[in-house]
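Each chain, letter by letter, is given below.
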Amino acid sequence: MLDDTGFEGFDHARLRHHGDVEARPGMVDFAVNVQGSAPPEWLRERLAGRLGELGRYPGEADVRAARAAVAARHGRSIDEVLLLAGVAEGFAMLPRLGSELAAVIHPSFTEPELALREGRVPVTRVILEPPYTLDGVRIPERADLVVVGNPTNPTSVLHGAESIRALRRPGRIVVVDEAFADAVPGEAESLAGESLPDVLVFRSLTKTWALAGLRCGYVLGAPEVLARLNHGRAHWPLGTLQLEAIAAVSEPAAVAEARRKAEVIAADRAAMIPRLRDLGIEVHEPAHGPFLLIRVPDAELLRKKLADKGIAVRRGDTFPGLETGFLRVAVRPAAEVDRLVEAVREVGL
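Residues numbered from 1 in each chain as written. Predicted model: local features only at pLDDT ≥ 70, side-chain atom pairs only at ≥ 80, totals over all residues. Heavy atoms only, no water.

A.B. asks: Now, about the sheet that holds strand S13 (residues 314-315): what can you tell me, with residues and values included?
C.D. replies: Ordered in space as S10-S11-S14-S13, the four strands form an open sheet in which the pairing is antiparallel. At either margin of the open sheet sits one strand with a lone partner, and together these are strand S10 (282-283) and S13. Looking at chain direction, strand S11 (residues 291-295) and strand S14 (residues 326-330) are connected through five bridges and run antiparallel. In the strand pairing of S14, leucine 293 is matched with arginine 328. Relative to the sheet, helix H9 (residues 252-277) contacts S10, S11 and S14, its axis offset from that of S11 by approximately 15 degrees. (Pairing = 2+ DSSP bridges. Helix = DSSP H or I, 4+ residues; strand = E, 2+ residues; numbered from the N terminus. Contact = heavy atoms within 4.5 Å. Axes fitted to C-alpha atoms, helices over the stretch in contact; angles between N-to-C directions.)

A.B. asks: Provide a residue-level description of the nonpolar core, including the pertinent values.
C.D. replies: Side chains of a nonpolar character, in soluble globular proteins, are inclined to be buried together. By size, the foremost hydrophobic cluster in this structure holds 44 residues, and its most contacted members are Leu83, Ile105, Ile139, Leu167 and Ile246. Looking at this core element by element, the count peaks at seven residues for helix H8 (residues 240-249). Those residues in contact with leucine 83 that sit more than four places away from it in its chain are Val63, Ala66, Arg67, Val70, Gly217, Tyr218, Arg233, Leu238, Leu243 and Ile246. Counting residues in hydrophobic clusters, the runner-up holds 28 residues, among them Phe30, Ala183, Ile265 and Leu302. (Core = buried A, V, L, I, M, F, W, Y, C linked by side-chain atoms within 4.5 Å. Buried < 20%, exposed > 50% of the residue type's maximum accessible area, 1.4 Å probe, protein only.)

A.B. asks: Requested: an account of unusual backbone geometry, with residues and values cited.
C.D. replies: With omega at 10 degrees, the peptide bond leading from proline 130 into proline 131 counts as cis. In this structure, proline 131 sits in the loop between strand S5 (123-127) and strand S6 (145-149). Within the chain, tyrosine 132 stands out as a residue other than glycine whose phi angle is a positive 65 degrees. The residue tyrosine 132 is located in the loop between S5 and S6 in this model. Tyrosine 132 gets classed as buried once you look at its relative accessible area, which sits at 6%. Here glutamate 187, not a glycine, exhibits a phi torsion of approximately 50 degrees, which is positive. For glutamate 187, the position within the fold is in the loop between strand S7 (173-177) and strand S8 (199-204).

A.B. asks: Talk me through the pairing of strand S4 (residues 102-106); I want residue IDs and the actual numbers.
C.D. replies: Among the five residues of S4, five are classified as buried, and the element is accordingly described as predominantly covered. Burial along S4 is two-sided: the face carrying Ala102, Val104 and His106 and the face carrying Ala103 and Ile105 are both buried. Sheet topology places S4 next to S5; five bridges connect them, and they run parallel. Of the residues in S5, the one forming a bridge with alanine 102 is valine 123. Considered for its hand, the β-α-β crossover made up of S4, helix H5 (residues 111-118) and S5 is right-handed. (Right-handed = clockwise from strand over helix to strand, strands pointing away.)

A.B. asks: Report on helix H10 (residues 299-308), specifying residues and quantitative values.
C.D. replies: Within H10, the full set of buried residues consists of Ala299, Leu302, Arg303, Leu306 and Ala307. An end-on view of H10 places all buried positions within 135 degrees of arc, on one side of the element. Structurally, H10 contributes buried residues whose contacts are with strand S12 (311-312), S13, S14 and helix H11 (334-347). Positive phi appears at glycine 310, one or two residues downstream of H10, with a value of about 85 degrees. (Arc of directions from axis to C-beta.)

Printed below as a string of structure tokens:
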């Protein structure tokens, strides 16, 4: 289904909404998809070791070292890596590509659409019906930019890599938001390791490594396309600690640790789904991300009741294509799920 909402015909506040506004200090947080409350100790020590250097500007050697680490991690050349102060910064760069019509596949993370609309890029929404897969998807042929999430926030759907490659057309750039790809065991269906001239792959490091407060990410793509994104950027867009973090979590030992974390998330998700269903909650499957899309009779009422119990969940109606009734909940360990289940039983659906 297509939705050709114009420049002025969209709800800015809904597109701008983020799960962090749901979670107040002290709440059990199922609203934000960051894993853990702080980076692991070894990463904190790496970052602390650079604090004495904050009196100088980040050097080109630091930038190159971080880019080289990312390139090696994905088997890419260093000129195929553009470092970002969080993936949101990268989405804000998308209007620089000069698209005449961008197609954003929904339901999905809203930041890319917001950035495109604020950059006065015409946008058409391609709304997927349940089960929210790309099977039979129809993209306007004149769309020269297509944005898709994989795995998709909030549906937790993992699209096949071949389905995403099928979106390619001459003169079109495909943007793949892989912010949660490192939370998928084996990074299945990722395009990060493929050097395709018309595909941009965005990667976030803030979720798996609990670095949301530091803002770290990168985009992989053809050097000439990355140069267009990077044009006009301010000097020193990333600080010393961001560069150190990117380099550190791209090293082989850290990548192996992230793979182990992905396996834990998958196990926690598999255990969490039946517990939610036992409460009478509808859970969308298949699910491959570190979050679940759920449906209840009155989502807004349940969200408010849970908040009163100190449990934060993410509203779902701000995602285009999802009517009222949906919530998104982060995958959490059993002890935290215990708190959620107890609270739902107390307040009822």
